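For reference, the chains in residue letters:
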Amino acid sequence: MTGIATHWRLIPQRYNLVGTRCSNCGNKFFPPRDICPDCRRAGNIEEFRFSGDGRVYSYTVIHTPPEGFEFQKPYVLGIIELAEGPRLLSQIVDCKPGDVEIGSRVEKVFRKVIADGREGIIRYGYKFKLKDH
Amino acid sequence: MTSRVAVIGAGITEFGELWDESFRSLITEAGTEAINDSGIEGEKIDALYVGSMSPGLFSGQEHVSSLVADHSGLKCIPATRVEAACSSGALALREAYLSIKSGEMDYVVVGGVEKMTDIASNSAAVTLMGAGDQEWEAFKGATFPGLYALMARRHMYEYGTTLEQISQVSVKNHDNAVLNPKAQFRFRVTLEDVMNSTPVADPLRLLHCSPITDGAAAVVLASGEKARKVCDNPVWINASSCSTDTIALHDRECVSRTDAATRAAREAYRRAGIKPQDVDFAEVHDCFAIAEIMAIESLGFCQLGEGGRFTEKDETSINGSIPVNTSGGLKGKGHPVGATGIAQVVEAVTQLRGEAGKRQVENAKIGLTHNVGGSGGTCVVHILSNE
Ligand SMILES: [Zn+2]
């Protein structure tokens, strides 16, 4: 989940929303896929950087967080539908839980996601904030 | 190819926080009870399957196929562990069913087991999150209640489902659990209790969530020819089906529906040659109260979006038009994840033999079980009958 090697491999995606697209059918993928589920081996996957604009498709407020997220509670977790189509899961920050609604416009921000205690490694990545706020 | 497959024996441990019981003592107890119940000798058993989600993280123990064969005294038989998160049990049953269907096996024992309380509950929650997408869900601070809350919110938004309707699932399943001597929570809760319980992931609260549980269940399967010879009350598996979906919730076409369940159910009904209205009762995967509402929609017991209102009208209670989770479900009976899929089948067998006591569904002839892995990445459906 939060392993250092995993995070290092995923830095382009987690920092800059670099996903993929299939140049055969035009489908865009975030989180990225190496195989287009519609075209499979006939597909041709290339990198695609998403704008970071989107809307809230669904959301919840986490009151009972997993290990490593205790100090952020309560936090809003939402499914964001990106302007380019795909959906992803992200925290929605810089607002009160009551401010978020299905359909709210959001944009990507760059934040600390999780840290391993006092001396541990900090992992950064995208979160989203309300655009009309 | 064998024509039919029957359940000829069933066993289940008590479910709960069982400090005196270990992984091996639980599965051994359930397996022994199932084989005793079948009346056959252990030497006749050709193979063993066991469903378990995460013994490695819960107990540090992998290679449980060998361990279970060894400690159940079924020396040297081929043994296979099957893992598909919370649907490990039903998927193990399906593999056992197929092994008999293939004609290679006559008698197969299938178990499901999870020993979850040897680690702290926050560590158990992290282990359970292994059923989701580690890189794109867990990394963002997602929990399983959180994922189901995202489904609940969307269901409420699209269909006007209310929190009262969702809470009614917990009330009903606790009512049923009172009638099940093996259940973890043999007490009632009121709608107010559920609605006012500790917030976990809005809109879901503690009493919308199934608990962390120790437990095991097992069944003995036989080919039709053998079953007719050795058993006077066989329960037939008329269909076994499975469908998968994306591992991550956000990748689904729609999160207010469980499409893997819809596909698995359609395939099961086709194979069994029945329609949803022919089913007399169902055990469904209510890991969270909203999951039961989406399950009864996918299984065709009510229209899409009507699950909340259908539940509110008591259609799914023991005396309703389609009793759901007479055992107490995952909420009331408990949810030892790998055991759940087999425990559902044990309840179906108990009902179809007419041995369910105060929770017996009258004239039960066809039962359905619905077991889900993760947020819906796997769904396994079985249809069982006593005719
Ligand atoms: Zn394509």
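Residues numbered from 1 in each chain as written. Chains lettered and ligands numbered in written order. Predicted model: local features only at pLDDT ≥ 70, side-chain atom pairs only at ≥ 80, totals over all residues. Heavy atoms only, no water.

What to know about the packing of aromatic side chains
All names here are of chain A. Note the following rule: Pairing of aromatic rings covers Phe, Tyr and the six-membered ring of Trp, with a centre-to-centre limit of 6.5 Å; geometry is then stacked below 30 degrees between planes, edge-to-face above 60, and tilted otherwise. The numbering of helices and of strands both runs from the N terminus, where a helix is a DSSP run of H or I of at least 4 residues and a strand a run of E of at least 2. The buried label goes to any residue with under 20% of its type's maximum accessible area, the exposed label to any with over 50%, and the partly exposed label to all in between, with areas taken from a 1.4 Å probe on protein chains only.
Under the definition given, this model contains 11 aromatic pairs over all chains. Measuring from ring centre to ring centre gives 4.9 Å for Tyr15 and Phe110, while their planes differ by 75°; the resulting arrangement is edge-to-face. Placement of the pair is Tyr15 in helix α2 (residues 11-16) and Phe110 in strand β7 (residues 105-115), with a sequence separation of 95 residues. Overall, the relative accessible area of 24% leaves Tyr15 in the partly exposed class.

So, the pairing of strand β7 (residues 215-223) of chain B
With nine of its nine residues buried, β7 of chain B lies for the most part within the structure. Here β7 of chain B shows no split at all, with Gly215, Ala217, Val219, Leu221 and Ser223 of chain B on one side and Ala216, Ala218, Val220 and Ala222 of chain B on the other all buried.

Quick look at the domain arrangement of chain B
Residue and element names in this part refer to chain B. Quick reminder of the rule: For the domain bounds, the source is a domain assignment made automatically or taken from a database. Whether two residues are in contact is decided by their heavy atoms: any pair within 4.5 Å suffices. Computed with a 1.4 Å rolling probe, the buried area is the accessible surface lost when two parts are put together, summed over both parts.
As far as domains go, chain B holds domain 1 (5-120 + 213-236) and domain 2 (129-210 + 238-385). A straight line from the C-alpha centre of domain 1 to that of domain 2 covers 23 Å. Between domain 1 and domain 2, the residue contacts involve 44 residues of the former and 37 residues of the latter. Taking both partners together, domain 1 and domain 2 bury about 3000 Å²; carbon and sulfur atoms supply 66% of that area.

Describing the environment of Thr246 of chain B
Residue and element names in this part refer to chain B. The criterion, for reference: Contacts described as polar in this section are N or O atom pairs within 3.5 Å, which, within protein, must combine one atom able to donate a hydrogen with one able to accept it, while residues neighboring in sequence count only if both atoms come from side chains.
Secondary-structure assignment places Thr246 in the loop between β8 (235-244) and α10 (259-272). As for Thr246 and Ala260, which are separated by 14 residues in sequence, their C-alpha atoms are 9.2 Å apart. One polar contact links the side chain of Thr246 to the main-chain carbonyl oxygen of Ala248, over a distance of 2.8 Å.

Thoughts on the coordination of the zinc ion
Residues and elements named next belong to chain A. Cut-off, in case you're wondering: Ligating atoms shown are N, O and S within 2.8 Å of the metal, or 3.2 Å for Na, K and Ca, and water is not included, meaning a site may look less than complete. Key to geometry: four donors with every angle between 85 and 135 degrees are tetrahedral; four donors are square planar and six octahedral where opposite donors lie over 155 degrees apart and all remaining angles lie between 65 and 115; all other sites are irregular.
For the zinc ion, the full set of protein donor atoms is Cys22 (SG), Cys25 (SG), Cys36 (SG) and Cys39 (SG), and the range of their distances to it is 2.3 to 2.4 Å. Relative to the metal, the four donor atoms surrounding the zinc ion lie at angles of 107 to 113°, and the coordination shape comes out tetrahedral. Read in sequence order, the donor residues coordinating the zinc ion give the pattern C-x2-C-x10-C-x2-C.

Focus: the pattern of salt bridges
To keep it simple, the criterion reads: A pair is scored as a salt bridge if a Lys or Arg side-chain nitrogen falls within 4 Å of a carboxyl oxygen belonging to Asp or Glu.
Applying the stated criterion to the full structure yields 25 salt bridges over all chains. A salt bridge links Glu46 of chain A to Arg21 of chain A, with the nearest nitrogen and oxygen atoms 2.8 Å apart. Separated by 25 residues along the polypeptide, Glu46 of chain A in strand β3 (residues 45-49) and Arg21 of chain A in strand β1 (residues 18-22) bring together distant segments of the chain. For Glu46 of chain A, a relative accessible area of 32% translates into the label partly exposed. Look at Arg21 of chain A and you get partly exposed, because its relative accessible area is 23%. Of the charged contacts in the structure, one is a salt bridge between Glu62 of chain B and Arg81 of chain B, with a shortest N-O distance of 2.8 Å. Of the two residues, Glu62 of chain B is situated in the loop between α2 (55-59) and α3 (64-71) and Arg81 of chain B in strand β3 (residues 79-82); the sequence distance between them amounts to 19 residues. For Arg81 of chain B, a relative accessible area of 26% gives the class partly exposed. Here the salt bridges do not stand alone but share partners, grouping Asp37, Arg353 and Glu355 of chain B into one network.

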